[in-house]
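# An overview of the molecular structure
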Amino acid sequence: MSVTRTATRTEDEAAIKAVLNSTYQAWEANDPDAFVTHYTEDATAILPGSLRAGRNVIRESMAKGFEGPLKGSSTYNKQLGIRFLGDSAAIVTSESGILFPGESEVPDTRKVNATWVLEKNDGSWRIAAYHNSPVLAPMH
């Protein structure tokens, strides 16, 4: 039984990584529709100073970003861990940042720690929640 569970977890990890990679690729393509493909209808995204409740709100926010300050940008992403909560939920932690046109590295001051909450329904993993916070806390 542990062999099956390990194989299943390996498959789940690969599927989760594929969902996240697809999201990163959609960002690089500046495609808001593809960006939210793997989000649940009621997904939330929390960023400093912002709550985006629902896939459509997230899509609209990304569309505005891709047309404006995020145009031509991509992302840096380093997975830090995956933790499963039962058979149908997972928490992924990562270090991320926005790469603006012409940049090859994200400055430490723009890196964020992110938490992704994914749920598995009908055999597919979807992003239910996303949250990020600066890696370096601002000095007061």
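Use the structure listed above.
Residues numbered from 1 in each chain as written. Predicted model: local features only at pLDDT ≥ 70, side-chain atom pairs only at ≥ 80, totals over all residues. Heavy atoms only, no water.

## A few points about the pattern of salt bridges
- The full count for this structure, using the stated rule, is eight salt bridges.
- Lys 120 is the partner of Asp 12 in a salt bridge, and the nearest nitrogen-oxygen pair spans 2.8 Å. Of this pair, Asp 12 sits in helix H1 (residues 2-28) while Lys 120 sits in strand S5 (residues 112-121), and the two are 108 residues apart along the sequence.
- Classification of Asp 12 by relative accessible area gives buried; the value is 4%.
- When its relative accessible area of 25% is taken as the criterion, Lys 120 is described as partly exposed.
- Note that Arg 59 is salt-bridged to Asp 33, the shortest N-O span being 2.6 Å. Taken together, the residues Arg 59 in helix H3 (residues 55-67) and Asp 33 in helix H2 (residues 32-35) connect sequence positions 26 residues apart.
- Connected through shared salt-bridge partners, Arg 9, Asp 12 and Lys 120 make up one network. (Salt bridge = Lys/Arg side-chain N within 4 Å of Asp/Glu carboxyl O. Helix = DSSP H or I, 4+ residues; strand = E, 2+ residues; numbered from the N terminus. Buried < 20%, exposed > 50% of the residue type's maximum accessible area, 1.4 Å probe, protein only.)

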